[in-house]
Amino acid sequence: MSLQVDVRKLDLFNKMAKEGSDTVADHLSQLTGVDASVRTSQINFLDIGDVKTHLGNDERIGIYVELIEAPGGYVLFVLDPDHGKRLAGQMMGGIQGADEGFSEMEESALQEIGNIMTSGFIDGWANVLDATIDMTTPSLLVDDTATIIDSMGGWPDSDLVFVVDSHIVAEGADIDMTVYTFPQLEDLVAMIQDIDLDTDVAEDTTASDLL
């Protein structure tokens, strides 16, 4: 299908990034008890072979869900293992976790955190797209980011990947995380195109024009 987007609708991509990220920051503030904010939020159109390079390859906690309704794709939360321990500790009310690795209780807390964060992020997207978006139960993996990406699977056949990454920080709790979203580009463009605007526009643009 065509990836043409009404030029006036390009701002909807930014609104999706902002709305979802702001909601996650609010949830992180509630979980940690300190103010959290969105430090950066950016949109990238990447060749699918460049996704792993974009994310780097350090050991990280990855919490991800698959979107099972349009626009489809994945939402991935990535954070440093030490930061994950602090966040899990906040969720568990200060209970001491495992000295090495993650205890079953810490893993459960992180999965619940992922559920809360992802639900908030998707709610932000759904508000912009005026749609209901369902998702799978969060999966948790502690590994290098390339392995986390491989474990997600289900990548689209298209060569171009639409990636939104938002860096969210709770400085008082020394916690930061990055949210990566990988929607199915063609389905997302179709949803954007279906949003009705008040006036007609003669000019279109394509995803490649944004690179």
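The coordinates are above.
Analysis parameters
- Residues numbered from 1 in each chain as written.
- Predicted model: local features only at pLDDT ≥ 70, side-chain atom pairs only at ≥ 80, totals over all residues.
- Heavy atoms only, no water.
- Helix = DSSP H or I, 4+ residues; strand = E, 2+ residues; numbered from the N terminus.
- Buried < 20%, exposed > 50% of the residue type's maximum accessible area, 1.4 Å probe, protein only.
- Contact = heavy atoms within 4.5 Å.
- Pairing = 2+ DSSP bridges.
- Core = buried A, V, L, I, M, F, W, Y, C linked by side-chain atoms within 4.5 Å.
- Axes fitted to C-alpha atoms, helices over the stretch in contact; angles between N-to-C directions.

### Focus on the overall build of the protein chain
- The helix and strand inventory of the protein chain stands at 6 helices and 8 strands.
- Across the protein chain, helices and strands are ordered from the amino to the carboxyl terminus as β-α-β-α-β-β-α-α-β-α-β-β-α-β.
- Counting the 211 residues in the protein chain, one finds 45% classified as buried.
- Restricting the contact set of the protein chain to residue pairs at least 6 apart, pairs at least 24 apart contribute 75%.

### Let's talk about the pairing of strand E4 (residues 73-79)
- Among the 7 residues that make up E4, 7 are buried, leaving the element largely enclosed by the rest of the structure.
- With 7 bridges connecting them, strand E3 (residues 59-67) and E4 associate as antiparallel partners. Across the sheet, the residue bridging to Glu-66 is Tyr-74, located in E4.
- Between the antiparallel neighbours E3 and E4 lie 5 residues, among them Gly-72 with a positive phi of about 70 degrees.

### Section: unusual backbone geometry
- The omega angle of the peptide bond from Ala-70 to Pro-71 is 15 degrees, so this bond is cis rather than trans.
- Mapped onto the elements of the fold, Pro-71 is located in the loop between E3 and E4.
- At Asp-130, a position not held by glycine, the phi torsion is positive, near 55 degrees.
- Relative to the helices and strands, Asp-130 is located in the loop between helix H4 (104-129) and strand E5 (139-144).
- Residue classification places Asp-130 among the exposed positions, given a relative accessible area of 72%.
- The backbone of Asp-174 sits at a positive phi, close to 55 degrees, despite the residue not being glycine.

### Section: the nonpolar core
- By size, the foremost hydrophobic cluster in this structure holds 47 residues, and its most contacted members are Val-24, Leu-28, Val-75, Phe-77, Met-117, Leu-129 and Met-177.
- For this core, the elements supplying multiple residues, two or more each, are helix H1 (10-32), E3, E4, helix H3 (81-91), H4, strand E6 (160-170), strand E7 (175-182) and helix H6 (185-194).
- Excluding anything up to four places from it in sequence, Leu-28 contacts Ala-36, Leu-87, Met-117, Ile-168, Val-169, Ala-170 and Met-177.
- In terms of nonpolar packing, the next biggest core, distinct from the first, is built from 14 residues, Ile-148, Met-152, Val-161 and Phe-182 among them.

### Notes on the sheet that holds E3
- Reading across the sheet, the 6 strands line up as E2-E6-E7-E4-E3-E5 and stay open at both edges, with antiparallel pairing between neighbours. Looking at the sheet topology across the chains shown, the edges are occupied by strand E2 (37-47) and E5. Between one strand and the next, the sheet's axes are offset by a mean angle of 20 degrees, whatever the strand orientation.
- For E3 and E5, the ladder comprises 6 bridges, and the chain directions are antiparallel. Looking across to E5, one finds that Glu-59 is bridged to Asp-144.
- Seen against the sheet, H3 touches E3, E4 and E7 and runs at an angle of roughly 105 degrees to E7.
- Running over the sheet, helix H5 (residues 145-152) touches E3, E4, E5 and E7 and is turned about 145 degrees from E5.

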